[in-house]
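One letter stands for each residue in the lines below.
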Amino acid sequence: MKRIEVSAAMILQDGKILATQRGYGEFKDGWEFPGGKVEPGETPEEAIVREIREELGATVRPEKLVTTVECDYPRFHLTMHCFLCTVENGELRLLEHEAAKWLEPGNLHSVAWLPADVEAVKKLEALLAERG
């Protein structure tokens, strides 16, 4: 089975988390944490900074690895490194996604997350509960 490694940004701003809706591909319209493939020679942290610059036009700082999710999809196995991030520079703009929502921590399940992101949301909820 094909293996894909990605990094995802759980962007925290003003106490809310950013969810983005895919605008293309097999999983179009599904909700996810923004991010993308880790390129050869790149660390997961470097990948998330590059991907968010490409997808949302801003620079983020990965603060903490929340979880690494392993998920089998019908055509590939996904390894997704999920980082809690803050915006360091720039304004977030949708350059690749069709929609975005800022979700309150208690309202994270209000969108239809893609399968790998469902597991990541559970880990994020636990982290946010710990932080108070």
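Residues numbered from 1 in each chain as written. Predicted model: local features only at pLDDT ≥ 70, side-chain atom pairs only at ≥ 80, totals over all residues. Heavy atoms only, no water.

Re the nonpolar core
As a rule of thumb, nonpolar side chains are buried together in soluble globular proteins.
Working step 1: Core analysis: the biggest nonpolar cluster contains 29 residues, and M10, F33, L78, M80, W113 and L124 have the highest contact counts within it.
Working step 2: Counting residues per element, the ones that place at least two in this core are β1 (2-13), β2 (16-21), β5 (59-72), β6 (76-89), β7 (99-103) and α2 (115-131).
Working step 3: With six residues, the top contributor of residues to this core is α2.
Working step 4: Beyond its immediate stretch of four places on either side in the chain, F33 contacts A8, A9, M10, I17, L18, T20, W113, D117, A120, V121 and L124.
Working step 5: If you look at the next biggest cluster of nonpolar residues, it comprises 10 residues, including A9, I52, L56 and C85. (Core = buried A, V, L, I, M, F, W, Y, C linked by side-chain atoms within 4.5 Å. Buried < 20%, exposed > 50% of the residue type's maximum accessible area, 1.4 Å probe, protein only. Helix = DSSP H or I, 4+ residues; strand = E, 2+ residues; numbered from the N terminus. Contact = heavy atoms within 4.5 Å.)

Re the pattern of salt bridges
Working step 1: The final tally for this structure, using the stated rule, is 11 salt bridges.
Working step 2: R75 is the salt-bridge partner of E26, the closest N and O atoms lying 3.5 Å from each other. Of this pair, E26 sits in the loop between β2 and β3 (31-32) while R75 sits in the loop between β5 and β6, placing them 49 residues apart in sequence.
Working step 3: Given the relative accessible area of 48%, E26 is considered partly exposed.
Working step 4: By relative accessible area, which is 62% here, R75 ends up exposed.
Working step 5: In this structure, K28 engages E98 in a salt bridge whose closest nitrogen and oxygen atoms are separated by 2.9 Å. Of this pair, K28 sits in the loop between β2 and β3 while E98 sits in the loop between β6 and β7; the two residues are 70 residues apart in sequence, bridging distant segments of the chain.
Working step 6: For E98, a relative accessible area of 36% corresponds to the partly exposed category. (Salt bridge = Lys/Arg side-chain N within 4 Å of Asp/Glu carboxyl O.)

What to know about the state of the cysteines
Working step 1: Inspection of the entire model under this criterion finds zero disulfides.
Working step 2: Summary of cysteine pairing: C82 is not part of a disulfide, and the nearest cysteine sulfur, belonging to C85, is at 9.8 Å. (Disulfide = S-S within 2.5 Å.)

Overview of the environment of L95
Working step 1: Mapping L95 onto the fold places it in the loop between β6 and β7.
Working step 2: Sequence separation between L95 and G57 is 38 residues, and the spatial gap between their C-alpha atoms is 7.3 Å.
Working step 3: In contact with L95, other than residues within four places in its own chain, are R53, E54, E55, L56 and G57.

Points about helix α1 (residues 44-56)
For an α-helix, the turn length of 3.6 residues means that residues three or four places apart are oriented alike.
Working step 1: End to end, α1 covers 17 Å across 13 residues, agreeing with the expected 18 Å (1.5 Å per residue, within 8%).
Working step 2: Within α1, burial applies to A47, I48, V49, R50, E51, I52, E55 and L56.
Working step 3: Each element contacted by the buried residues of α1 is listed here: β1, β2, β4 (35-37), β5 and β6.
Working step 4: Positive backbone phi, at 70 degrees, marks G57, one or two positions downstream of α1. (Expected span 1.5 Å × (residues − 1).)

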